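# Descriptive analysis of the structure
Read off the chains here:
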Amino acid sequence: MGNMNFTRIKNFINGEWVEEKGVDYVPLYNPSTGEEIGEVPLSSEETSLSAVDSSYAAYDGWRKFSLSKRMGYLFAMRQAMVDHEEELAVSIAVDQAKHISEARGEIRRVIEIFEAACSIPSLIQGETLEGIANNISGRVVKQSLGVFGGVAPFNFPALVFGWFVPYAIGVGNTFIYKPSTQSPLFMQKMGDIFNAIGLPPGVINIVHGNRAIPGTWYENPKMSGVCLVGSTPTAKKMAQACGQGGKRSMLLGGAKNFLVAMEDLNWDVFIENFKHSCYGSAGQRCLAGSIVAAVPEVYDELIERVLKASEEITIGDAMNPDIYMGPVISAKAKANIENYIEIGIEQGSKLLLDGRNPDLPEANKNGYFVGPTVFADVTPCRRIAKEEIFGPVVSIMKIRDLDDALQLIREQEFGNGACIFTQNQYYTEKFISEANVGMVGVNVGICAPHPYLPFGGIKDSHLGTDKVQGKDGIDFFTQNKVATIRVTPPEGVSEDGARTDADKSVRSCVAS
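Since we're looking at a predicted model, the values are computed, not measured. (Residues numbered from 1 in each chain as written. Predicted model: local features only at pLDDT ≥ 70, side-chain atom pairs only at ≥ 80, totals over all residues. Heavy atoms only, no water.)

## So, the pattern of salt bridges
- Within the structure shown, the criterion is met by 24 salt bridges.
- For Asp475, the salt bridge goes to Lys142, with nearest N and O atoms at 3.1 Å. A residue pair is termed long-range when its members are at least 10 positions apart, and Asp475 in helix α16 (residues 470-476) and Lys142 in strand β7 (residues 136-144) qualify at 333 residues.
- Asp475 gets classed as partly exposed once you look at its relative accessible area, which sits at 32%.
- Of the charged contacts in the structure, one is a salt bridge between Glu434 and Lys430, with a shortest N-O distance of 3.2 Å. Of this pair, Glu434 and Lys430 both sit in helix α15 (residues 425-434), four residues apart, which is roughly one turn of that helix.
- The class for Glu434 is partly exposed, based on a relative accessible area of 35%.
- Three or more residues joined by partner-sharing salt bridges are found here, namely Arg8, Glu19 and Glu39. (Salt bridge = Lys/Arg side-chain N within 4 Å of Asp/Glu carboxyl O. Helix = DSSP H or I, 4+ residues; strand = E, 2+ residues; numbered from the N terminus. Buried < 20%, exposed > 50% of the residue type's maximum accessible area, 1.4 Å probe, protein only.)

## Examining helix α9 (residues 232-245)
- A rise of 1.5 Å per residue sets the reference length of α9, with its 14 residues, at 20 Å; its end C-alpha atoms lie 20 Å apart and thus fit the reference within 8%.
- All of the buried residues in α9 are Thr232, Thr234, Ala235, Met238, Ala241, Cys242 and Gly245.
- Against β8 (147-151), α8 (212-215), β11 (223-229), β12 (248-252), β18 (414-415) and β22 (462-464) lie the buried residues of α9.
- Residue Gly246 follows α9 closely and has a positive phi angle near 70 degrees. (Expected span 1.5 Å × (residues − 1). Contact = heavy atoms within 4.5 Å.)

## Some remarks on the packing of aromatic side chains
- Using the criterion set out here, one finds 21 aromatic pairs in the structure.
- Pairing Phe270 with Phe421 gives two aromatic rings, centres 5.1 Å apart and planes at 90 degrees, and the pair type is edge-to-face. Remark: Phe421 occurs in strand β19 (residues 417-421) and Phe270 occurs in helix α10 (residues 267-279); sequence separation between them is 151 residues. Each member of the pair, Phe270 together with Phe421, is buried. (Phe/Tyr/Trp six-rings, centres within 6.5 Å; stacked < 30°, edge-to-face > 60°.)

Quick look at the structure:
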């Protein structure tokens, strides 16, 4: 890509860009080249608390805005993202190093999420029950809670923003967003959009830093809840801290996803989805295919086809439209993935394709690249079959039948997603019913629900209460208030107009 301008990342607090001073900064790299392109502040606890104060001060006014006015801001934000779509995509392709085509896809999905969130006026409607008792009705009203904080991972800086923020602010909350220090450029663009559309100061604040930032939220009486997309160990620590602090939590953790190949699969559909699932985003996503489980009837042919497809994957600069897969996020991530490849070899799995030390253009020699890596004859007890590698490493294992695959999925500590490739309706329905995961796919490699439906796993892939998107997003960011209402006729007059004496022989613990 050539040399880029050096960017000193700023916080966005109370509608203004603020340069953090007197703190350490960490370098920001372009993973495609290894070039240092900026630095990111490890903001102080005082800065984090100032963001909390700003969002708390903004909350009372923001929640009183009419629904139509809040939706107007969501529409404006959505339109601004459309207008700056390519610029936003490039920001992701540069620091997160997601291939530019996938970065564009991420931005478009966030635009779709905003469109879905604009249906909040319908989704937030409450309930009314008449005739509970004499002249008494009941009403359930959904209301906002206050200030929420969100912690984003490096791999989906835009998508996670879309999962959290439109629903949170759309129902009347305010929000503090902490991007990953490895991919902060997208939110630098979004802060400018917030100001361009006239979003009131404090409705969304952006604070960069490490775990000290959410550490100021758990016990803070001005905070109502915390959201995270990250690793399972981090999610568990945050769940404990949120529980102790009495905060709501929506915490999405790690994954280990199966692609199950049955004897009647459509090969063209499988291979195309296999490539996108296992090598898209360089395998750095929570719904990436990691284990390909095939029945004996297709096992050998599957290995042949998977190997051929994997060898054809082109790798290089994330901004190069002619390549398929970009780098992983960092030198540390590259070393970790390569360590798993060595573990796979040591534990006896058959390495068919080694992604270490791939051939690269001179401009990318210092980038963080791992090529497609394929293991065969992997057994469930091996570490590469159990642990989240978060890279383009595929483990192929032989299964006896569908029941065997379902048992392996049940035994996984994670429960994010699993996909089956089949034309058999019985297999399809059995898999949907019995696969012990939060999201299933049939003849798709990435079972990510569309924005109208909830996204999230089960078991160690999801902690906290609700999932993201759709009605779950509404439920998490609102609380139910119940009203019991008596309409009283004139004293001594019944509902039909006749005078009556009250029966005082029974007292109830509820309105009657």
